[in-house]
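Here are the chains, one letter per residue:
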Amino acid sequence: MDAENQHDLEVRIAACTRCRLASGRTRTVPGDGDPNAELMLIGEGPGFNEDQQGRPFVGQAGKLLDKLLGEIGLTREQVFVTNVVKCRPPNNRDPEADEIASCEPYLDEQIAGIRPKLIVTLGRFAMNYFLPRTTISRSHGRATQAGGWLIYPVYHPAAGLRQTRMLNVLREDFQRIPEFLATSDRPEVTAVERDAGGAEEPQGTQLSLL
Ligand code: URA
C-alpha cells in the first residue's frame, strides 16, 4: 500500500461514524507498521492504552506481542499490526457483530493494499473474521488458505499474560511463522472474500504440508 493510500485510509477512519463505537473513542486506532509488510497481525480491538495513543498493541498485551516477534527476529516496524475494529469498545467488552461489519471495509482495504504473505490472527475475533466456524482451540497453530489468503490463527497475547500454559502455546505457534514466510508468496488476490458462515463444512483448506 503506498503512503498516500494509507494516509487517505487513516483520514477516513479518523472521521468514521459508521457504528456506535465512534461516540466512546478518544482516538481511532487504524494500525501501524510497514504498509508493505510480508506479515500482517490482526487483533480484536483497541483497549485503554491504544485508545489514548491511537496505536495498536501498546499496553501489556502489546509488550508481549513485541517480545514474541523479537523471539523470531522481527520488529514491529517490519510487520503491520491492526485490529478487527478500529475504535475501543466500552470497558473493553467484546466487539459486536454489527460493529465488526461496520469496520470491515477498512480492514479489507488494508489487507488488499498490503497483500501480506501471511495473516496471523490474534484471538478468536480476528480468526472468525476469516474462518467463521472454527474454534481457536482447534485451529491455533494451523495455517489455512481462506479466500486466497494464508491465515494462521494464534491465541490472543492477553491469554498468554494470564496463563503460563497459554504463553508456551503462543510461543510455539509464533516459532513457526518464519517457516511460513520463507515458503509462501504474496497472494495474487486483490480483494477479501470472506465465508459468511452457515453450513458446517468445508471452510478453508488446511495446509497439510505446513
Ligand atoms: N488487544 C487487541 O486486540 N488489540 C489491541 O490493539 C490491544 C489489545
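Residues numbered from 1 in each chain as written. Predicted model: local features only at pLDDT ≥ 70, side-chain atom pairs only at ≥ 80, totals over all residues. Heavy atoms only, no water.

Chemist: Any chance you could explain the environment of Q163 here in plain terms?
Modeler: Its location among the elements puts Q163 in the loop between helix 7 (157-162) and helix 8 (164-175). On the basis of relative accessibility, which here comes to 39%, the residue Q163 falls in the partly exposed class. With 39 residues separating them in the primary sequence, Q163 and R124 have C-alpha atoms 17 Å apart. (Helix = DSSP H or I, 4+ residues; strand = E, 2+ residues; numbered from the N terminus. Buried < 20%, exposed > 50% of the residue type's maximum accessible area, 1.4 Å probe, protein only.)

Chemist: Any chance you could explain the site of the ligand here in plain terms?
Modeler: Residues in contact with the ligand, as listed here, are G43, E44, G45, E50, P56, F57, N83 and H156. Interatomic distance of 3.0 Å between a backbone N/O atom of F57 and an oxygen atom of the ligand. At a separation of 2.8 Å, a nitrogen atom of the ligand approaches a polar side-chain atom of N83. Burial of the ligand by the protein chains amounts to 90% of its free accessible area of 230 Å². Partitioning the shell around the ligand into residue classes produces two nonpolar, four polar and two charged. (Near = heavy atom within 4 Å. Polar contact = N/O pair within 3.5 Å; in protein donor to acceptor, adjacent residues only side chain to side chain. Areas by Shrake-Rupley, 256 points an atom, 1.4 Å probe, with all protein chains shown as cover. Nonpolar A, V, L, I, M, F, W, Y, C, P; charged D, E, K, R; others polar.)

Chemist: Explain unusual backbone geometry to me, please; I cannot follow it from the model alone.
Modeler: A negative phi angle characterises most non-glycine residues, just as the trans form characterises most peptide bonds. A positive phi angle, close to 50°, is found at F57, a residue other than glycine. Its location among the elements puts F57 in the loop between helix 2 (48-53) and helix 3 (60-71). Notably, N92 is not glycine yet its phi reads approximately 60°, a positive angle. Considering the arrangement of structural elements, one finds N92 in the loop between strand 3 (80-83) and helix 4 (97-114).

Chemist: I tried to follow the pattern of salt bridges on my own but got confused; where do I start?
Modeler: Proximity of charged atoms lets side chains of opposite charge pair with each other. Throughout the structure, instances matching the rule amount to 14 salt bridges. Measuring nitrogen to oxygen at the nearest pair gives 3.6 Å for the salt bridge that ties E38 to K117. Of this pair, E38 sits in the loop between strand 1 (32-33) and strand 2 (39-43) while K117 sits in the loop between helix 4 and strand 4 (118-122), and the two are 79 residues apart along the sequence. The exposure class assigned to E38 is partly exposed, which follows from its relative accessible area of 34%. A relative accessible area of 14% places K117 in the buried class. Close ionic contact of R76 with D66 constitutes a salt bridge, the shortest N to O distance being 3.0 Å. Of this pair, R76 sits in the loop between helix 3 and strand 3 while D66 sits in helix 3, and the two are 10 residues apart along the sequence. What makes D66 partly exposed here is its relative accessible area of 34%. (Salt bridge = Lys/Arg side-chain N within 4 Å of Asp/Glu carboxyl O.)

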